Every structure is written in C-alpha cells, then in structure tokens.
Amino acid sequence: MQFAYTILYVDDVAKSLAFYEAAFGLTRRFLHPSGDFGELETGNTALAFSSRALMRSLGKHPAPPNPAAPSGEIAFATPAVQATLDKALQAGAQLVQAPEEMPWGQTVAYVADPDGFLVEICTPMSPAA
C-alpha cells in the first residue's frame, strides 16, 4: 500500500494552490476545470485541495481549521527553516511560532496558511538508529 495524498478542504482551491506554489515552491499537478479539486507535487505523496462547496454537495460538513486549536498539521522539512519561513510569510502565511530548537535537535517553526491550516517548517530528522 502507498500513501497517496492528503486533502485539505478550502474555500478557493486555485488560491490555495497558488499560495503553496509561492510559499513553498511546490509544483502544480493539476486543477480540475471545475476549480473544485487540485493537487501539488510533493514527492511520493500529493498535497491536494478540495473545495468545501464540493464536500458539502457530497453530504460532508467540513469545518474550517483553527490554528489556535489545531486538529492536525502538515510539515515541510528543509535545512533552511528561516529562509523558508520568510518566503511563506511573504506569500501570505501568518506566523504562529518562530523557529525554535527542540530538545531532540530539530529546528521547528509554525505558520498558518491563508485558510488557517497549521504548517510546520522543520529541519529533517534522521531515522532512529
């Protein structure tokens, strides 16, 4: 089995794709002509977006995210946390936590994307030996 993608429910799929392209340099796989679904390349797993309107039409009731009380996060690993954080802020992210070195040696920062999803920007971790 392979983990295929994570889907975030947003109001404007095209706007969310554009933010992640500008903030994190991701490449667009596609945006459906309806504008209700799109995906970005992130390696083996895609980061996808579906409109909340589409989810409601399918009988779902997506709640907007709350970065102050998150129920999850997405994370991007980079050796250049500060530079990536600066780029994300310039693209419209809101700072949640400035870079901080964790007790286990990883540097971690957090932003909220324009939709309110919590995004971790961190240094890579090596698998435990």
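Since this is a predicted model, take the numbers as computed values, not measurements.

An account of the side chain of threonine 123 is requested, with residue identities and associated values reported.
Among the secondary structure elements, threonine 123 is positioned in the segment after strand 8 (118-122). The class for threonine 123 is buried, based on a relative accessible area of 16%. From its side chain, threonine 123 meets the backbone nitrogen of threonine 107 in a polar contact 3.0 Å long. What threonine 123 contacts, discounting residues up to four positions off in sequence, is Ala77, Thr78, Val81, Gln106 and Thr107.

I'd love a proper account of the nonpolar core, names of residues and values included.
Leu8, Tyr20, Phe24, Leu47, Phe49 and Phe76 are the most contacted members of the largest nonpolar core, which totals 23 residues. Elements that contribute at least two residues to this core include exactly strand 1 (5-10), helix 1 (13-24), strand 4 (46-51), strand 5 (74-77), helix 3 (81-90), strand 7 (107-112) and strand 8. A per-element tally of this core places helix 1 first, with six residues. Ignoring sequence-local partners within four residues, the contact set of leucine 47 consists of Thr6, Leu8, Tyr20, Leu26, Gly38, Glu39, Leu40, Thr42, Ile74 and Phe76.

Report on the pattern of salt bridges, specifying residues and quantitative values.
Using the criterion set out here, one finds four salt bridges in the structure. For arginine 29, the salt bridge goes to glutamate 39, with nearest N and O atoms at 2.9 Å. Residue arginine 29 is located in strand 2 (residues 27-31), and its partner glutamate 39 is located in strand 3 (residues 37-41); the two are separated by 10 residues in the primary sequence. The exposure class assigned to arginine 29 is partly exposed, which follows from its relative accessible area of 36%. Exposure remark for glutamate 39: the relative accessible area of 8% places this residue in the buried category. As a salt-bridge pair, glutamate 41 and arginine 29 come within 2.9 Å of each other at their nearest N and O atoms. Of this pair, glutamate 41 sits in strand 3 while arginine 29 sits in strand 2, and the two are 12 residues apart along the sequence. Three or more residues are tied together by salt bridges with common partners; here these are Arg29, Glu39 and Glu41.

Lay out the sheet that holds strand 5 with the relevant residues and their values.
Overall, mixed pairing links the four strands, which are arranged 5-8-7-6 in an open sheet. Of all strands in the sheet, those with a lone pairing partner are strand 5 and strand 6 (94-101), marking the two edges. Here the strands of the sheet are splayed against their neighbours by 15 degrees on average, with no regard to which way each runs. Pairing analysis gives five bridges linking strand 7 to strand 8, with the strands arranged antiparallel. Considered in strand 8, the bridge of tyrosine 110 is made with glutamate 120. Taken strand by strand, helix 3 contacts strand 6, strand 7 and strand 8, and its axis lies near 175 degrees from that of strand 6.

Reading guide: rules and limits
Residues numbered from 1 in each chain as written. Predicted model: local features only at pLDDT ≥ 70, side-chain atom pairs only at ≥ 80, totals over all residues. Heavy atoms only, no water. Helix = DSSP H or I, 4+ residues; strand = E, 2+ residues; numbered from the N terminus. Buried < 20%, exposed > 50% of the residue type's maximum accessible area, 1.4 Å probe, protein only. Polar contact = N/O pair within 3.5 Å; in protein donor to acceptor, adjacent residues only side chain to side chain. Contact = heavy atoms within 4.5 Å. Core = buried A, V, L, I, M, F, W, Y, C linked by side-chain atoms within 4.5 Å. Salt bridge = Lys/Arg side-chain N within 4 Å of Asp/Glu carboxyl O. Pairing = 2+ DSSP bridges. Axes fitted to C-alpha atoms, helices over the stretch in contact; angles between N-to-C directions.

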